[in-house]
Amino acid sequence: MEHLTALKRRIDDALDGFAPKIVRVPGPSRAGKSSLIASLSRDYPASRIDGRRHVPVLVVNVPPSATAKLLPKSVLGALGIKVSRSMTAGAMFDWMVEQLRLAGTRVVIFDEISHLVDEGSRVPPRAASDWLKTLSDTLSMTLILFGIPRLERLFTANEQLRSRACPPRNFLPYDATDADQMVAFVSCVTNYARLFSAAGYPIDVPPRVLTQQCYLLTGGLIGVLADFMRELANVMANEAPRAITYADCQKAIESVSHAGSPHRLAFQDAGSEGASVEPAALKQAYVHVMTSNAASVPVRKKSGDKQ
């Protein structure tokens, strides 16, 4: 919600004619970035004005192995415009600019922009960042860039892009060492449990055990938690209403990719009354998610440290 509020304020500024800005939102896969993009897309829908499509905020999915030609093609595709294969990269860029003007687009949200700096990418980071800078400058347009932490290479490669950009809005998993964030994670798990109970399938696992095992599974990634809950619903799909057991949870995780540390797997204890998970194991799950996504682990001050 903090990210959503800040990004909506930035979009509103752009729509009101304020100076453009480049905003980046790096975060591990499954942290919830796609849900955030979907919320922004719903809040700023396309419309028709005098029979012409008006797209104030455009969402563009950047394909893997994107090239200088594929970037404007992706933008045009997001506008619903087909592109001739014979068109040169320069002509396509100019046409893209014209179509964005006609659509009244003031903000472009690029999803998976980190594809531009994938290993083996055919677009050097400097060229890709120059393309983004040129797009923003040409149309005086705000750009919002989503991707895994690797997207930072676009900014380290181009000082002019950095100077036009806000500091990164890091979208990280829930941190087990942060009390407030764990309260939020517990709330997520509790809300899912309420949905199951309302449907006639109460989860017969102590809330503390359920939350800790879910954290071991997810390392704080809300997307993985959602996947687990979907699989748990699938396990119960053909069952008459009854209580969900620890064994049901064990069956559900067979279809879920374990995101936390491989040294402490979730739902591996003998039963639902399993012993409490030590804080070090929860932290290890979080650290594994961060390091496997090439993200830096935040250093938090202890309560007794001097400020």
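Going by the structure above, here's the rest.
Remember, predicted model here, so these are calculated numbers, not experimental data. (Residues numbered from 1 in each chain as written. Predicted model: local features only at pLDDT ≥ 70, side-chain atom pairs only at ≥ 80, totals over all residues. Heavy atoms only, no water.)

### What to know about the sheet that holds strand β5 (residues 107-111)
Okay, step 1: Taken in spatial order, the 4 strands line up as β1-β6-β5-β4 in an open sheet, and their pairing is parallel. Edge positions in the sheet fall to β1 (22-26) and β4 (57-61), since each of these pairs with one other strand and no more. Across this sheet, the average inter-strand angle for adjacent strands is 15°, counted without regard to direction.
Okay, step 2: Here β1 runs beside strand β6 (residues 142-147); their pairing, made up of 5 bridges, is parallel. (Pairing = 2+ DSSP bridges. Helix = DSSP H or I, 4+ residues; strand = E, 2+ residues; numbered from the N terminus. Axes fitted to C-alpha atoms, helices over the stretch in contact; angles between N-to-C directions.)

### Considering helix α3 (residues 70-78)
Okay, step 1: Those residues of α3 lying buried are Leu71, Pro72, Ser74, Val75 and Leu76.
Okay, step 2: Looking at the buried residues of α3, the elements they touch are β4, α4 (89-102), β5 and α5 (125-139).
Okay, step 3: Positive phi shows up at Gly80, right after α3, with a value of about 80°. (Buried < 20%, exposed > 50% of the residue type's maximum accessible area, 1.4 Å probe, protein only. Contact = heavy atoms within 4.5 Å.)

### Quick look at the packing of aromatic side chains
Okay, step 1: Under the counting rule described, the total for this entry stands at 6 aromatic pairs.
Okay, step 2: Seen from their ring centres, Phe110 and Trp131 are 6.2 Å apart, and the 75° between their planes marks the pair as edge-to-face. Within this pair, whereas Phe110 is found in strand β5, its partner Trp131 is found in helix α5, the two being separated by 21 residues in sequence.
Okay, step 3: What makes Phe110 buried here is its relative accessible area of 0%.
Okay, step 4: On the basis of relative accessibility, which here comes to 11%, the residue Trp131 falls in the buried class.
Okay, step 5: Judged by centre distance (5.4 Å) and plane angle (25°), the rings of Phe228 and Phe267 are stacked. In this pair, Phe228 sits in helix α10 (residues 222-235) while Phe267 sits in the loop between α11 (246-252) and α12 (279-292), placing the two residues 39 residues apart along the sequence.
Okay, step 6: According to the relative accessible area criterion, Phe228 is buried, its value standing at 0%.
Okay, step 7: Exposure remark for Phe267: the relative accessible area of 0% places this residue in the buried category.
Okay, step 8: A network of ring pairs unites the aromatic residues Phe93, Phe110 and Trp131 as a single cluster. (Phe/Tyr/Trp six-rings, centres within 6.5 Å; stacked < 30°, edge-to-face > 60°.)

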